Amino acid sequence: MEVRVLLLLGILLFCVAVAEVSSTLKKEDDGDGVQHAGVGQLVVRGVTRRLMQDIDCGGLCKQRCSLHSRPNLCNRACGTCCVRCKCVPPGTAGNRELCGSCYTDMTTHGNRTKCP
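Residues numbered from 1 in each chain as written. Predicted model: local features only at pLDDT ≥ 70, side-chain atom pairs only at ≥ 80, totals over all residues. Heavy atoms only, no water.

**Student:** Now, about the state of the cysteines: what can you tell me, with residues and values included?
**Tutor:** Enumeration according to the criterion identifies six disulfides in this entry. Here Cys65 is linked by a disulfide to Cys74, with a sulfur-sulfur distance of 2.0 Å. Around the S-S axis, the bridge from Cys65 to Cys74 shows a dihedral of about -70 degrees and counts as left-handed. No difference in accessibility class separates Cys65 from Cys74, as the two residues are buried. Across a sulfur-sulfur distance of 2.0 Å, Cys87 and Cys99 are joined as a disulfide pair. What sets the handedness of the Cys87 and Cys99 disulfide is the S-S torsion sign, and at about -70 degrees it is left-handed. (Disulfide = S-S within 2.5 Å. Buried < 20%, exposed > 50% of the residue type's maximum accessible area, 1.4 Å probe, protein only.)

Written as structure tokens, this is what we have:
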């Protein structure tokens, strides 16, 4: 009987610990008040249980391509780069290096830079 109660308390403690860890993942925030480019809420996904960033590629690319001379082409290229690199640089032009080599090194078949 004592073994059952001890086992039940162990299971209950484990469940509380798991709930605490999952709630801290959802509440994670920098607290610095600065909006970082391409940074979204961290979410645990899949069997491998890796942390991945969920970002709004459509909204970020719409803002990025708002002043472009060919906004539809820009949005399409930006969307591809956003999905692959999980980042969109701030502003309407420049700042590409903030997203790292994935964003800066991606090229078209014509060997021109792909990401706006």
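**Student:** Run through helix 2 (residues 57-64), naming residues and quoting values.
**Tutor:** For helix 2, the complete set of buried residues consists of Cys57, Cys61 and Arg64. Around the axis of helix 2, the buried residues are gathered within 55 degrees of arc, so they sit on the same side. Of the residues in helix 2, the exposed ones pointing more than 90 degrees away from the buried face are Gly58, Lys62 and Gln63. Where the residues of helix 2 are buried, they touch helix 3 (71-85) and helix 4 (101-105). (Helix = DSSP H or I, 4+ residues; strand = E, 2+ residues; numbered from the N terminus. Arc of directions from axis to C-beta. Contact = heavy atoms within 4.5 Å.)

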